[in-house]
Amino acid sequence: MSSMTDLDESRSGDVRAAAREKARQLRTNQQRKDRRNKTLLSGGIVLGVLVIVAIVAVVIMGAIRPTVPGPKNMASDGVVVGSGLKVKATPALAADAKPIASAPDPSGSAVDIRIYADYLCKLCGQFQRTNLKQLQPLVKNGAVTVEMHPVAIYTSHSAGTRYSLRAANAAACVANYSPKAFWAFNQSLFTAQPAEGGPGLSDQELKKRAAASGASVSDVNSCIDDGRFKTWVGTASDRALSGPIPDSDVKKMTNALLVLVNGKPYTGSLTNADDFKAFVLQAQGDEYSSTATPTPSPSAGS
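Residues numbered from 1 in each chain as written. Predicted model: local features only at pLDDT ≥ 70, side-chain atom pairs only at ≥ 80, totals over all residues. Heavy atoms only, no water.

Draft legend 1. Spatial organisation of the overall build of the protein chain. When helices and strands are counted, the protein chain shows 8 helices and 6 strands. Counting from the amino terminus, the protein chain carries its helices and strands in the arrangement α-β-β-β-α-β-α-α-α-α-α-β-β-α. Out of the 302 residues belonging to the protein chain, those deemed buried represent 35%. Once local pairs closer than 6 in sequence are excluded, the contacts in the protein chain between residues at least 24 apart make up 71%. (Helix = DSSP H or I, 4+ residues; strand = E, 2+ residues; numbered from the N terminus. Buried < 20%, exposed > 50% of the residue type's maximum accessible area, 1.4 Å probe, protein only. Contact = heavy atoms within 4.5 Å.)

In structure tokens:
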């Protein structure tokens, strides 16, 4: 009887020992699982933080444009075309340098016309097609100077191709390497102008128009391919949008077209050449009146 009791107690002890061992194994496995989960969680947090940091860095780098020199002959952020359709030569705008505003004709004999325009802007195209032909002979004979400021405001309006930016860059390339071709090239971008919201012209088509305008093919083509002045275009466009606009009372650009005649904004018809001609003549008359030598008034004793 005693031996049976001993045997039962022995078996009972084995069962308890097995249960304790099983419980120990379960605890050990759970501890290992907890440590593994903790490691994965901390690793996931670190990875998530790194991803967030990387995204923020990309956004910041995208927002902060690297400073690069501007194109030659555009120290004012614009191309000044005068007598004989010749471009006024200027050195390249150094990186971080402020543009140098063009000085109007002090004699008042030449009307100063400045045009800020986006090559995708429909209204810009209407104005250019309406008025550039009648302005051309006036520019040739020195009666008028036209200063073109290419801006990229509709960059996001071209089905993802960033046409406004690419076209303005191409204009800067022509101004830099082939200034004699600038007037013709600028006109060509408003002839058969791409529609707003569409993809615009391809780089290949821009290069063809530059070549047809008489631009140096090798230099201008490589400049267009490289997007050499895209950063500068963005900076110059920001300057126009933030203002102030030099030699005028205009605080800043508020849309994709701004036309100034002797510093005064033109707000008339964009499709009636007579309206703009009348505005130019009026500005010319006002300038002449302000610069003419006043006639002496009679003295009291005469």
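Draft legend 2. Structural detail: helix H4 (residues 182-190). Summarising burial for H4: 7 of the 9 residues are buried, a large majority. Within the span of H4, buried status applies to Phe 182, Trp 183, Phe 185, Asn 186, Ser 188, Leu 189 and Phe 190.

Draft legend 3. Local environment of the sheet that holds strand S5 (residues 257-261). Spatially, S2-S1-S4-S3-S5-S6 is the arrangement adopted by the 6 strands of the open sheet, whose pairing is mixed. Where the open sheet ends on each side, the last strands, each with one partner, are strand S2 (86-87) and strand S6 (264-265). Two strands pair when backbone bridges link them, and strand S1 (residues 79-82) and S2 are joined in this way by 2 bridges, in the antiparallel orientation. Each bridged residue has a counterpart across the sheet, and for Gly 82 the counterpart in S2 is Lys 86. (Pairing = 2+ DSSP bridges.)

Draft legend 4. Spatial organisation of unusual backbone geometry. Residue Gly 243 is joined to Pro 244 through a cis peptide bond whose omega torsion reads -5°. By secondary structure assignment, the location of Pro 244 is in the loop between helix H7 (230-242) and S5. Not every positive phi belongs to a glycine, and Ala 159 is a case in point at roughly 55°. Along the chain, Ala 159 falls in the loop between strand S4 (144-150) and helix H3 (163-177). Positive phi, close to 55°, is recorded for Asp 247, a residue that is not glycine. Structurally, Asp 247 can be placed in the loop between H7 and S5. Asp 247 sits in the partly exposed class, given a relative accessible area of 43%.

Draft legend 5. Spatial organisation of the side chain of Asp 77. When you line up the elements, Asp 77 lands in the loop between helix H1 (2-63) and S1. You can call Asp 77 buried: its relative accessible area is 7%. Side chain to side chain, Asp 77 and Arg 239 meet in a polar contact 2.8 Å long. The residues contacting Asp 77, other than those within four sequence positions of it, are Leu 93, Pro 99, Met 148, His 149, Pro 150, Trp 232, Ala 236 and Arg 239. (Polar contact = N/O pair within 3.5 Å; in protein donor to acceptor, adjacent residues only side chain to side chain.)

Draft legend 6. Quick look at the packing of aromatic side chains. Applying the stated rule across the entire model yields 5 aromatic pairs. Aromatic side chains Tyr 119 and Phe 190 sit 5.1 Å apart centroid to centroid with 40° between the ring planes, which places their arrangement in the tilted category. Here Tyr 119 is found in the loop between strand S3 (111-117) and helix H2 (122-140), whereas its partner Phe 190 is found in helix H4, with 71 residues between them in sequence. Neither Tyr 119 nor Phe 190 differs from the other in exposure class; each is buried. (Phe/Tyr/Trp six-rings, centres within 6.5 Å; stacked < 30°, edge-to-face > 60°.)

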